[in-house]
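# Structural characterization, general
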Amino acid sequence: MLSSQPVNSIDDNGIRGPRAWLAIVALACLTACGGSGGGGAASVPAPPDPPAPTAAQSPGGVWFGFDEAAEQVVFYISETGEFRLVMHPDGGPFPSFGGGNVAVSSGDVVSGSFERPGPLSENFQRGEDLGCSVSGSVRERQSLAVDVVCSDSGGVVYDQALTLIYEGNSYERASSLDAFAGDYTLEFRPETNALNVAGDGALFGRYHNGANCTVNGIASIIDPEYSLISVRWTMSDCTDPFGEYEGVEMSGFAQASPAPTDTAGRYYFLLTGRTPNGLYSISVIYEPV
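Below or above, wherever it landed, is the structure these notes cover. For every chain, the first residue of the written sequence is number 1, and numbering continues from 1 along that sequence. Totals for whole chains, interfaces and linings use all residues, but because this is a predicted model, local features are given only for residues with pLDDT of at least 70 and pairs of side-chain atoms are given and counted only at 80 or more. Values reported for side chains reflect all heavy atoms of the structure, with hydrogen atoms and water molecules removed beforehand.

In this section: the state of the cysteines. The disulfide criterion is simple: two cysteine sulfur atoms within 2.5 Å. Evaluated as defined, the whole model comprises 2 disulfides. Residue Cys132 pairs covalently with Cys150 via a disulfide, S to S 2.1 Å. Looking down the S-S bond of the Cys132 and Cys150 bridge, the torsion is 110 degrees, so its handedness is right-handed. With Cys132 in strand 6 (residues 130-139) and Cys150 in strand 7 (residues 143-152), this pair connects stretches of sequence that are 18 residues apart. Note on accessibility: Cys132 and Cys150 belong to one class, buried. Residue Cys213 pairs covalently with Cys238 via a disulfide, S to S 2.1 Å. On the sign convention where negative is left-handed, the bridge of Cys213 and Cys238, at about 115 degrees about the S-S bond, is right-handed. Of the two residues, Cys213 is situated in strand 12 (residues 211-221) and Cys238 in the loop between strand 13 (229-236) and strand 14 (249-256); the sequence distance between them amounts to 25 residues. In this description a helix means any DSSP run of H or I spanning at least four residues, a strand means any run of E spanning at least two, and both kinds are numbered starting from the N terminus. Exposure is judged per residue with a 1.4 Å probe applied to protein chains only, and the accessible area is read against the type maximum: over 50% gives exposed, under 20% gives buried, and values in between give partly exposed.

Below is the structure:
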């Protein structure tokens, strides 16, 4: 994923304009050609680099690519810079879900940060959560080239350059609360998973997938021209044996499923939140009842 980097350029880079360029050439000529007759031809300065885009580039989009291990990476970035992602830790058999924010400065310069859970070991013990930085450049609705560096308390554990391609078919679809409103369940355990989305975006239901909790929250449209919908909910009345999900706030996106063969009305949810035991993620597809 996956704009948030999806999901968003100003010429502050000190590039000289035509008058400044002529002044430099004139000064070089005076220095080389005048004075004490040192002789020798003046060297011709190299032309300036092409200017960066002058309009701010949106990072918004769903961005796809692969890391050095040929594992898929997806960035979901909203027009506001909110960011969720799916990637594989080095050597890990399961995908990792993370969340954070990115911003664009100087026209096309992307920077930001996110958190993601540590990789799972062979005995399914999760490693320390990772703090990650993102830096690079974006060409709006075209490409996202970033360096991603993730560290734990022992130092850097992931450092890769990623080039991601914009997926317009997934991102450039209208979103509305009218279309989103309805009753949903999960394909697994449909009798214990339920979610109602009201016409004003209010969310209520029961989430039974590890965390067996009631959920209350709100959905809101970020930009009606694009598919990502903001979702935030709080979990309560949890009956999990460790009590780690009680009061946990989850946030992220819902997106109408882009696959043309999918059942109409399905929505993919990608949410993250922090529990006392570390970062927690939800990645599920809700289908209409």
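What follows deals with the layout of surface pockets. Within this scheme a cavity is a closed region of a 1 Å grid, computed over the protein atoms alone, that accommodates a 1.4 Å probe without allowing it to escape, whereas a pocket is open but has protein on both sides within 12 Å along at least five of seven lines; lining residues each have an atom within 4 Å of a point. Grid points are joined across faces, edges and corners, and a volume is the space filled by probe spheres set on the points. Quantified by volume, the largest pocket comes out at close to 470 Å³. Lining the largest pocket are 23 residues, and of these Pro117, Arg126, Leu279, Tyr280 and Ser281 lie nearest its centre. Among the elements of the structure, strand 4 (96-105), strand 11 (202-209) and strand 16 (278-288) are those that each provide at least two residues to the lining of the largest pocket. When residues of the lining of the largest pocket are assigned to their parent elements, the largest contribution, 6 residues, is made by strand 16. Residues are grouped as follows: Ala, Val, Leu, Ile, Met, Phe, Trp, Tyr, Cys and Pro are nonpolar; Asp, Glu, Lys and Arg are charged; every other residue, Gly included, is polar. Considered class by class, the residues forming the lining of the largest pocket number 13 nonpolar, 8 polar and 2 charged.

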